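# Examination of the molecular architecture
Here are the chains, one letter per residue:
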Amino acid sequence: MKAQFEAIAQQETTSLNFHIQEKKEFDYPFHYHPEYELTYILSSRGMRYVGNHFGYFREDDFVLLGPHLPHCWRNSEDQQDMASAIVIQWNEDLLGNGWLDNKEFRWIKKLHQLANKGIRFHENIAQGIKARLLNIAAMPPFEKLISVLQILNDLAQTDQYDLLCEDGFSYNLNYTENERINTVYQYVRLNYSKKITLKAIAAEVNMTEQYFSRFFSKVMKKTFFAFLNEYRINVACKLLIETDMNANQVGYAAGYESFPFFYRQFKKFKSCSPQKYRAEFQKTPHPYIP
């Protein structure tokens, strides 16, 4: 998707931008900004896009993003609840130039460095932080700043997280490449349940098959079919969680014509069978969803 620059208005009374969003759906475009961003999803579900990563999200999705890292959350079409999230944004010079070099902030400095790939904290960590985030809303500016720093310091010392963007990924803001990747995203989003050939997707961006393959791998750091399989498996996870469809029906709905291939791909991406994934989800009221 083409990433759009977002200019974030600075607050007059605080160095942090803290707000709780509540709307019918998350409708922000794929965008980037120079600020760090910590986002906690209070309600709603759908697909999360960060750089060259995408994954299914729902309540208690908790993500830290570095500067200029393109992102957006897109809701499912069948969503009934309001889309609600806590969003905190701050500049790199939050406490002045070089503040992260002070020994007291060594853990937060490490966290900021990891944020350039996008960090998704596991659900047990998210739920442990949730009440503290909600309490910040009513705090005066000084207490709000101190509380956010304390949360960042605590988050920096956990290993219960996953990095979202793959090694080697760096976003290129070249306009032409953005337009082509945007076309690919939209084509896959609308056609993932059908057979997609390299010839068809290459034609969408007016390229030969060979040139498209090289282009996509260079920009996204993964092959197109790896990208397509990842997208379909995330759709399958959503269907396993939200519907009563059996595993074969889920595979077909996600775009797989061969059920053995679907099972192999699911195990490759999720390290378990579709049935086990659903069973593990049903064991607890709030499972971790990658």
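Located above this text is the structure these notes cover.
Worth saying up front: this structure is predicted, and the values here are computed from it rather than measured.

### Here's the deal with the nonpolar core
If you look at the biggest cluster of nonpolar residues, it comprises 40 residues, and the most contacted ones within it are Tyr49, Val184, Phe212, Phe216, Phe224, Phe227 and Phe266. Of all the secondary-structure elements, those providing two or more residues to this core are β5 (46-50), β6 (53-57), α4 (175-191), α5 (198-204), α6 (209-220), α7 (224-242), α9 (259-270) and α10 (274-283). Top element by residues in this core is α7. It accounts for 11 residues. Beyond its immediate sequence surroundings of up to four residues, valine 184 is in contact with Ile201, Val205, Phe212, Phe216, Phe224 and Phe227. In this structure, Leu42, Ile86, Ile88 and Phe105 belong to the second largest nonpolar core, which totals 32 residues.

### Side note on the pairing of strand β8 (residues 71-75)
Among the 5 residues of β8, 4 are classified as buried, and the element is accordingly described as predominantly covered. Alignment of β5 against β8, held across 5 bridges, turns out to be antiparallel. Across the sheet, valine 50 pairs through a bridge with histidine 71, a residue of β8.

### Brief notes about α6
Along its 12 residues, α6 runs 16 Å from first to last C-alpha, staying within 8% of the 16 Å computed at 1.5 Å per residue. Here α6 has its buried residues at Phe212, Phe215, Phe216, Val219 and Met220. Around the axis of α6, the buried residues are gathered within 100° of arc, so they sit on the same side. Looking at α6, the residues exposed on the side facing more than 90 degrees away from the buried face are Gln210 and Lys218. Looking one or two places after α6, you find lysine 221, whose phi comes out positive at around 60°.

### Some details on the state of the cysteines
With the rule as written, the count across this model stands at 0 disulfides. The closest cysteine sulfur to the non-disulfide-bonded cysteine 272 is located on cysteine 237, 7.9 Å from its own sulfur.

### A closer look at the packing of aromatic side chains
Applying the stated criterion across every chain, the model contains 18 aromatic pairs. Note on tyrosine 36 and tryptophan 90: the rings are 5.9 Å apart at their centroids and 10° apart in plane angle, and the pair reads as stacked. Residue tyrosine 36 is found in strand β4 (residues 36-43), and its partner tryptophan 90 is found in strand β9 (residues 83-90); the two are separated by 54 residues along the sequence. Summarising the aromatic geometry, the rings of phenylalanine 216 and phenylalanine 224 are spaced 5.6 Å apart at their centres and angled 85° between planes, so their arrangement reads as edge-to-face. Feature note: the residues Phe212, Phe215, Phe216, Phe224, Phe225 and Phe227 constitute an aromatic cluster, connected by ring pairs. Taking the ring centre of phenylalanine 215 as reference, the NZ or CZ of arginine 180 above it sits at 5.7 Å. Directly above the aromatic system of tyrosine 256 lies the positively charged group of arginine 232, at a separation of 5.8 Å from the ring centroid.

### Some details on the sheet that holds strand β7 (residues 62-65)
Taken in spatial order, the 6 strands of this open sheet run β2-β9-β4-β7-β10-β11, and their pairing is antiparallel. Edge strands, defined here as strands with exactly one partner in the open sheet, are β2 (17-23) and β11 (161-163). For this sheet, the mean angle separating the axes of adjacent strands, direction not counted, is 20°. Judged from the 7 bridges that link them, β4 and β9 form a sheet pairing that is antiparallel. Paired with leucine 38 across the strands is isoleucine 88, a residue of β9. Where helix α2 (residues 123-136) meets the sheet, its contacts fall on β2, β4, β7, β9 and β10 (119-121), and the angle it forms with β4 comes to roughly 95°. Where helix α3 (residues 141-155) meets the sheet, it contacts β2, β4, β7, β9 and β10, and its direction lies at approximately 95° from that of β9.

### Observations concerning the side chain of histidine 53
In this structure, histidine 53 sits in strand β6. Residue histidine 53 is classed as buried on the basis of its relative accessible area of 11%. Of note is the side chain of histidine 53, whose polar atom sits 2.9 Å from the side chain of arginine 48. In this view, histidine 53 contacts Arg48, Leu164 and Cys165; residues no more than four positions away in its chain are not counted.

Reading the values: the criteria
- Residues numbered from 1 in each chain as written.
- Predicted model: local features only at pLDDT ≥ 70, side-chain atom pairs only at ≥ 80, totals over all residues.
- Heavy atoms only, no water.
- Core = buried A, V, L, I, M, F, W, Y, C linked by side-chain atoms within 4.5 Å.
- Buried < 20%, exposed > 50% of the residue type's maximum accessible area, 1.4 Å probe, protein only.
- Helix = DSSP H or I, 4+ residues; strand = E, 2+ residues; numbered from the N terminus.
- Contact = heavy atoms within 4.5 Å.
- Pairing = 2+ DSSP bridges.
- Expected span 1.5 Å × (residues − 1).
- Arc of directions from axis to C-beta.
- Disulfide = S-S within 2.5 Å.
- Phe/Tyr/Trp six-rings, centres within 6.5 Å; stacked < 30°, edge-to-face > 60°.
- Lys NZ or Arg CZ within 6 Å of the ring centre and 35° of its normal.
- Axes fitted to C-alpha atoms, helices over the stretch in contact; angles between N-to-C directions.
- Polar contact = N/O pair within 3.5 Å; in protein donor to acceptor, adjacent residues only side chain to side chain.

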